[in-house]
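Spelled out, the chains give:
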Amino acid sequence: MADKAAAAGGELQYFTWEDVQKRNTRDERWLVIHRKVYDITRFCYKHPGGPRVISHYAGQDATDPYTAFHIDKELVQKHMKCLLIGELAPGQPCVEPSKNAAMVEDFRALRSTVEQMGLLKPNKLFFVGVLLHILLLDALAWLNLYFLGSSLIPFLITALLLGTVQAQAGWLQHDFGHLSVFSKSKWNHLVHKFVIGQLKGAPASWWNHLHFQHHAKPNCFRKDPDINMHPLFFALGKKLSVEDLAWMITFYVRFFMTYIPLIGVSGTISLFMLVRFLESNWFVWVTQMNHIPMHIDYDDNKEWLSGQLQATCNVDQSFFNDWFSGHLNFQIEHHSLKESGELWLDAYLHK
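Calculation criteria
Residues numbered from 1 in each chain as written. Predicted model: local features only at pLDDT ≥ 70, side-chain atom pairs only at ≥ 80, totals over all residues. Heavy atoms only, no water. Helix = DSSP H or I, 4+ residues; strand = E, 2+ residues; numbered from the N terminus. Buried < 20%, exposed > 50% of the residue type's maximum accessible area, 1.4 Å probe, protein only. Contact = heavy atoms within 4.5 Å. Areas by Shrake-Rupley, 256 points an atom, 1.4 Å probe, with all protein chains shown as cover. UniProt positions renumbered as here; feature names shortened; annotations may be inferred. Polar contact = N/O pair within 3.5 Å; in protein donor to acceptor, adjacent residues only side chain to side chain. Axes fitted to C-alpha atoms, helices over the stretch in contact; angles between N-to-C directions. Parallel < 35°, antiparallel > 145°, perpendicular 65-115°, else oblique. Left-handed = near helix turned anticlockwise from the far one by under 90°. Nonpolar A, V, L, I, M, F, W, Y, C, P; charged D, E, K, R; others polar. Expected span 1.5 Å × (residues − 1). pLDDT = per-residue confidence, 0-100. Core = buried A, V, L, I, M, F, W, Y, C linked by side-chain atoms within 4.5 Å.

### A look at the overall build of the protein chain
Scanning the protein chain from N- to C-terminus turns up 15 helices and five strands. When each of the 351 residues of the protein chain is scored for burial, the buried share is 46%. Contacts spanning at least 24 positions in sequence make up 68% of the contacts within the protein chain whose residues lie at least 6 apart. About 18300 Å² of surface is accessible on the protein chain, with carbon and sulfur atoms providing 64% of the total.

### Concerning the UniProt feature "transmembrane region" (unreviewed entry) in the protein chain
The UniProt record annotates "transmembrane region" (unreviewed entry) at residues 125-147, 153-172 and 256-278. Between the end C-alpha atoms of residues 125-147 there is a gap of 32 Å, over a span that is 100% helix and 0% strand. Here residues 153-172 is 100% helix and 0% strand, with 29 Å between the C-alpha atoms at its ends.

### Here's the deal with the side chain of H56
Relative to the elements of secondary structure, H56 occurs in the loop between α2 (51-55) and α3 (63-69). Given a relative accessible area of 7%, H56 falls into the buried group. With residues up to four places along the chain from it excluded, the contact list for H56 reads Q213, K217, R222, K223 and D299.

### Things to note about the side chain of N301
You can see N301 is positioned in the loop between α11 (242-289) and α12 (304-311). Within the structure, N301 has its side chain in polar contact with the side chain of E96 (distance 2.8 Å). Those residues in contact with N301, other than ones at most four positions away along the chain, are Q60, E96, K99 and K217.

### Considerations on the packing of helix α7 (residues 152-177) against helix α8 (residues 185-199)
At a minimum axis distance of 8 Å, the contact between α7 and α8 shows a crossing angle of 160°. The angle between α7 and α8 places the two elements in the roughly antiparallel class. By crossing handedness, the relation of α7 to α8 is classed as left-handed. Across the interface between the two elements, Q166, A169, L172, Q173, F176 and G177 of α7 pack against N188, V191, H192, V195, I196 and L199 of α8. Class assignment of the residues belonging to the contact of α7 with α8 gives a composition of seven nonpolar, five polar and no charged.

### So, unusual backbone geometry
Even without a glycine there, the phi angle at R35 is positive, about 75°. Along the chain, the position of R35 falls in the loop between β3 (30-33) and β4 (36-39). In the Ramachandran plot, N301 falls in the positive-phi region, its phi being about 55° despite a non-glycine side chain. What makes N301 buried here is its relative accessible area of 15%.

### Some remarks on α7
End to end, α7 covers 37 Å across 26 residues, agreeing with the expected 38 Å (1.5 Å per residue, within 8%). Burial within α7 is extensive, with 20 of its 26 residues counted as buried. Backbone geometry just after α7 places L179 at a positive phi near 60°.

### Thoughts on the confidence of the model for the protein chain
With 90% of its residues at a pLDDT of at least 70, the protein chain reaches an overall mean of 88. Taken together, the stretch residues 231-238 has pLDDT below 50 and engages in seven contacts with residues farther than four places along the chain or on a different chain.

### A short note on the nonpolar core
Within the largest apolar cluster, 30 residues are counted, with the highest numbers of intra-cluster contacts made by L31, I33, Y38, Y57, F69, M80 and W304. Counting residues per element, this core draws most heavily on helix α9 (residues 204-216), which supplies six residues. Setting aside chain neighbours within four positions, we find M80 in contact with I33, Y38 and Y66. Core analysis: the second largest hydrophobic core is formed by twelve residues, A159, F251, F255 and V275 among them.

As structure tokens, this is what we get:
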């Protein structure tokens, strides 16, 4: 461990990359952000995103995921001050010795350029349009049974419309869950809970707990929940909050109260199961076609860009593909930047 150095507000220590890499145990966890060394041993259990997602970078440089995951960095920095224990010694490189420094610096420069060009700024009217088209399809599904009756063909048409509603609401909640629409986190969280809870009947906290880990270490065994799925995965994630449970209940109450008068209890249950079947196949088709074919291995602490590129691939752009996948056919841009306004970046890159 290197010598101590005077710093404003107190005395900070100088550390080497080797010092940091050793702090990757249950008893001690350090990480580096912009050359500053932080002790997250206790804080990880209070981390808003959950203890696992931040602990996945214990003993590593977390600068790039930190940049990608936080929209209000000034606020986050205020909370990080009490975790600061030192910085990298003057002779230590800015990038971990095992990584390609040129690639890291080039990517950070590219990201800065993209931000300055305004390509990460979201168009809120677009998301309003997406929400309205979901609500319209939901209304058409009910109107179809109301006016055409509960025979087989209207029943199947309603199931198809509701399956589309569920899939499209899944893509929309994904954008709000990533805090990609509003500049304030609280508004993103509020709309996210409405879309995933009221429109889909799923818990926001569960989705956040798993999905952020996926982005932190995609296709990494023991770190990416998407490739470590367990039959009881609902019981393995973060415990549901009362708020999540309330949002979920509103979905099921609305669904059954809406359709029981039209098709009865058994018909409503059958409709619900068919809709979930259609939605799940749609979801798996979209999410797995740009992840599963890619490299899957244990975490070898690659550069942020390398790790994201090896774990994701894009799908051809078209109006239908964009709509069908909720623009998740641009997984490379989404994973490497994971910020707001990806649609504008995609449009710019694929003119």
